[in-house]
Amino acid sequence: MQAQKQLSPKPIVVQVVLDKPLSQGFDYLWDAEKLGALPEIGHLVEVPFGRAISIGLVIKVSAHSDYEIDKLKQVRQLAPLPALDPALLRLMNFASQYYIHSLGETILPSIPQMWKKTGEWEKIPNKLAVLENKKNKPQIVGDGFISEDQLNPDQKNALKVLINEAANKKCFRVILLQGQTGSGKTAVFLNWLSSILVDPCAQILLLVPEINLTPQLERRIKAYFPDKVMAVLHSGVSEKKRGIAWYEAMTGKAQIILGTRLAALTPMPNLRAVVVDEEHDSSYKQQEGTRYSARDLAIWRAHDQSIPILLSSATPSLETWLAAKSGRYEYVRLDQRAQGARLPRVHLINTRDPQNQFSPGDVGASKQKSLVSKTLAHAISKNLAAKKQCLILINRRGYAPVLSCSACNWLSKCTHCSAYMVLHKAGALGKRSILSCHHCGLVKPIPNFCPECGNADLKTLGHGTQKLEDAIEEMWPEARVLRVDTDSSKKNKGAEALFQKIHDGNVDIVVGTQMIAKGHDYQNIGLVAVLDADGRLYSADFRAAERLFAQLIQVAGRAGRAEVSGQNGGDIYIETQYPEAAVYQYLLRHDVDGFLAYTANEREEAKLPPFSYQALVHAEAKNLDKAIQFLTELKSSLKIKGVITKQLKVYDPVPKTVMRVAGSERAQLVIESDNRKLLQEALEAIDQQLRQDSQGRISKASRIRWLIERDPIAI
Ligand code: ADP
Ligand code: ZN
Ligand code: ZN
């Protein structure tokens, strides 16, 4: 007896969280001898869970358990990784609480797949060693270096504010760098980062909204920091590369982490500064799982770690702009285009004015011409004659948004969604023409006859990029036309090759979706046209106008970038039925601040964000009535419990804009308060209440799938 006691030391119990909607962690025994190490908080482990094997993260180490020690199962394996650093775990804890998701659901999806395949764990050290020895990795060639000395006076001033006394001390700052497109913001923040990376261990995080923007920025970064290891993290990077980039970030080897929103959650033990480029972009909001805002989390992270964070944009989000105006954030501005070019002239084409349209008497007026107004067609011809490129934007991919029967009014509705199936002509998504649902992915062959009445005369309604491309090719047969949308970029294994064609001047007219609007620094675009802006003018979503304005400023910024001072700054044409709308009127004057002030006023009067805070409860069921009923019951019980007060408003449940998707019908409940804390408490109460009767996030009684979303960006 005596001897045995000496032999068995105190048990080691670890608490592990899993990627499951379960609020608690689970206790396991840790056999230090078998696992070859003592447990640490932040260790990634393999554990038995139910009848399966799961990957989890250690969040607590102790000698006790509330359960019987003898009945606890053992940790099976320890990942060949150092523990995640405490700062990252603090960030994850915050995100989990704030966004009302379990800690495991928040952490585990942020870890690359490569590290969650336990069968591979044994082989990883070997793989890494091989990689280490492989010195001749494909090298990116640096390009676009502009030194501190080369900066223009505006840029120099901006840089001086960034590198001030405070920068030398470790302290939290949020800086808004606002400057029109092409004003040299990137050149300024790369010089700023350069001053931070003087510290031989420092790591910096640079977030961009879209993967299409990384290659160009990668080359610019390389030009500044040829010797530093850069980790690129986004959904377009292969699993293996992502796994290695993440590993290099977490071990401090990679000092520059460039990536999209998911990179905001990368472990970086020596993080010293963060840049969020195009901070206003809605891509920073995660729309699945833990629905976080990468920008907001990055700000929290900077605050927690006492480091500076720079938000850069030509059209800041309303909340950031107001914070800078009020002095809560530092405010740095660049008001000239770096290469001296003027801003493009804005032209509003009133499509209701017959003078702007082709009439039947016009030479060669064809059906195709109805897709482009006469005024715009003339401008395009003139721009082509001047040997400049044209960029034509339409926010709809495919050939036509719907197919219809002229005899019985049948429309190509998706059988699973409350949406139409879009017609894609051969060559876009495959060898044959198809109908495709952009909500659930359903693909069908094009019917030869109307499925309702048998009529063979089926017509397309409206137009998308493909139809426009056809029309443009017909109208300017000499011009080289390129279509850029997710379909054409898939076909070309990514958009990079398409962008390169534009850069190389091998294209005269680009037809594309908003994909082409962002960030790219094209040098020879003389004309930009936007064809369907109105659709987003009067949307149910109160943020639609703000987004449209930002997008129009962005796309206008693609025109006339490299002109010599005082010369033509390019032209942007917007076809609209409502030229008097505020969005267009402020755009006419390039008045970003005016538009934001106007929008702020509107929102303040209506008490909408950022003058209040919102959350949604989503409910999804087999039929809408059930989903609405579920939310109505939730609302009543909140009323009874006294959660709904003067300061916390709960609206009536409503169907979502696209109500039916993939066979499920969806409704939502908006909760609003001007008090963040009250809202948080209410959401926690709702979460608790719903969880009591649910398995995960599916209600036991009615099989409703529910989800709470904090700070939604679309209502
Ligand atoms: P932004 O980030 O504001 O869009 P960039 O930093 O990308 O602006 O600059 C726009 C263009 O001007 C780029 O081609 C860049 O290389 C160039 N540029 C920036 N600063 C200077 C400068 N001081 N002198 C010359 N060219 C510059
Ligand atoms: Zn019919
Ligand atoms: Zn569908």
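Residues numbered from 1 in each chain as written. Chains lettered and ligands numbered in written order. Predicted model: local features only at pLDDT ≥ 70, side-chain atom pairs only at ≥ 80, totals over all residues. Heavy atoms only, no water.

Enquirer: Looking at this structure, how should I read the coordination of the zinc ion (ligand 2)?
Expert: Four donors placed tetrahedrally about a metal ideally form angles of 109.5 degrees, and six donors placed octahedrally ideally form angles of 90 or 180 degrees. Coordination of the zinc ion (ligand 2) by the protein involves Cys405 (SG), Cys408 (SG), Cys450 (SG) and Cys453 (SG), with metal-donor separations of 2.3 to 2.4 Å. Around the zinc ion (ligand 2), the four donor atoms sit at angles spanning 105 to 113°, and that spread fits a shape best called tetrahedral. Counting residues between consecutive donors of the zinc ion (ligand 2) along the chain gives the motif C-x2-C-x41-C-x2-C. A residue pair is termed long-range when its members are at least 10 positions apart, and Cys408 in the loop between strand E15 (402–405) and strand E16 (422–424) and Cys453 in the loop between strand E18 (443–445) and strand E19 (458–461) qualify at 45 residues. (Donors = N, O, S within 2.8 Å, 3.2 Å for Na, K, Ca; no water. Tetrahedral: all angles 85-135°; square planar, octahedral: opposite > 155°, others 65-115°. Helix = DSSP H or I, 4+ residues; strand = E, 2+ residues; numbered from the N terminus.)

Enquirer: Explanation requested: helix H21 (residues 676–692) in the structure shown.
Expert: Because each turn of an α-helix spans 3.6 residues, side chains separated by three or four positions end up pointing in the same direction. The end-to-end C-alpha distance of H21 is 25 Å, a good match for the 24 Å that 17 residues give at a rise of 1.5 Å each. Of all the positions in H21, only Leu679, Gln680, Ala682, Leu683, Ile686, Asp687, Gln689, Leu690 and Arg691 are classed as buried. A side-chain oxygen of the first residue of H21 lies 2.9 Å from the backbone nitrogen of Lys677; this N-cap is Asn675. (Expected span 1.5 Å × (residues − 1). Buried < 20%, exposed > 50% of the residue type's maximum accessible area, 1.4 Å probe, protein only. Polar contact = N/O pair within 3.5 Å; in protein donor to acceptor, adjacent residues only side chain to side chain.)

Enquirer: Before we go on, may I ask you to explain the confidence of the model for the protein in this structure?
Expert: Note that predicted coordinates carrying low pLDDT should not be read in detail. Residue-level pLDDT values for the protein average 90, and 94% of them are 70 or greater. Across residues 1–5 the pLDDT falls below 50, and counting only partners more than four positions away or on other chains, this stretch makes zero contacts in the model. (pLDDT = per-residue confidence, 0-100. Contact = heavy atoms within 4.5 Å.)

Enquirer: Would you mind showing me how to read the nonpolar core here?
Expert: One recurring pattern in soluble globular proteins: nonpolar side chains tend to sit buried together. With 56 residues, the main nonpolar core has Leu44, Leu84, Ile111, Trp115, Ile257 and Ile309 as its most contacted residues. If you count residues domain by domain, this core takes at least three from each of domain 1 (2–85 + 92–132) and domain 2 (143–334). Ignoring any residue separated from it by four or fewer positions in sequence, one finds Leu44 in contact with Ile55, Gly56, Leu57, Gln77, Leu78, Ala79, Leu81, Leu108, Ile111, Trp115 and Trp121. In terms of nonpolar packing, the next biggest core, distinct from the first, is built from 41 residues, Phe499, Leu548, Leu587 and Phe595 among them. (Core = buried A, V, L, I, M, F, W, Y, C linked by side-chain atoms within 4.5 Å. Domains from an automatic or database assignment.)

Enquirer: Help me understand the site of ligand 1 in this model?
Expert: Close to ligand 1 lie 18 residues; Gln155, Lys185, Thr186, Arg220 and Asp521 are nearest. In this structure, Gly182 approaches ligand 1 through a main-chain N or O atom, which is 3.0 Å from an oxygen atom. One of the backbone N or O atoms of Ala187 is found 3.1 Å from an oxygen atom in ligand 1. Contact with the protein chains covers 82% of the free accessible surface of ligand 1, which is 550 Å². At three residues, helix H8 (residues 185–196) tops the list of elements feeding residues into the shell around ligand 1. (Near = heavy atom within 4 Å. Areas by Shrake-Rupley, 256 points an atom, 1.4 Å probe, with all protein chains shown as cover.)

Enquirer: Sorry, what's going on with the coordination of the zinc ion (ligand 3) here?
Expert: Looking at the zinc ion (ligand 3), one finds its protein donor set to be Cys414 (SG), Cys417 (SG), Cys437 (SG) and Cys440 (SG), positioned 2.3 Å from the metal centre. Judged by relative accessible area, Cys414 falls into the buried class, the value being 5%.

Enquirer: How should I be thinking about the pairing of strand E7 (residues 203–207) in this particular structure?
Expert: On any regular strand, side chains alternate: one points to one face of the sheet, the next to the other face. Most of E7 sits inside the fold, with five of its five residues counted as buried. Residues Gln203, Leu205 and Leu207 point to one face of E7 and Ile204 and Leu206 to the other, with burial holding for every one of them. Across five bridges, the pairing between E7 and strand E10 (residues 271–277) is parallel. Looking across to E10, one finds that Ile204 is bridged to Ala273. Examined bridge by bridge, E7 and strand E9 (residues 256–259) share four bridges and lie parallel to one another. Residue pairing across strands places Leu206 opposite Leu258, the latter belonging to E9. (Pairing = 2+ DSSP bridges.)

Enquirer: I would appreciate a short explanation of the packing of helix H12 (residues 318–325) against helix H19 (residues 592–606) in the present structure.
Expert: If you want to describe how two helices pack, look at the angle between their axes and the distance between the axes. Running from N to C, H12 and H19 point in directions that differ by 100°, and their axes come no closer than 10 Å. With respect to H19, the axis of H12 lies roughly perpendicular. The residues of H19 that touch H12, namely those facing Leu318, Trp321 and Leu322, are Asp593, Leu596, Ala597, Thr599, Ala600 and Arg603. Residues of the contact of H12 with H19, tallied by class, amount to six nonpolar, one polar and two charged. (Axes fitted to C-alpha atoms, helices over the stretch in contact; angles between N-to-C directions. Parallel < 35°, antiparallel > 145°, perpendicular 65-115°, else oblique. Nonpolar A, V, L, I, M, F, W, Y, C, P; charged D, E, K, R; others polar.)

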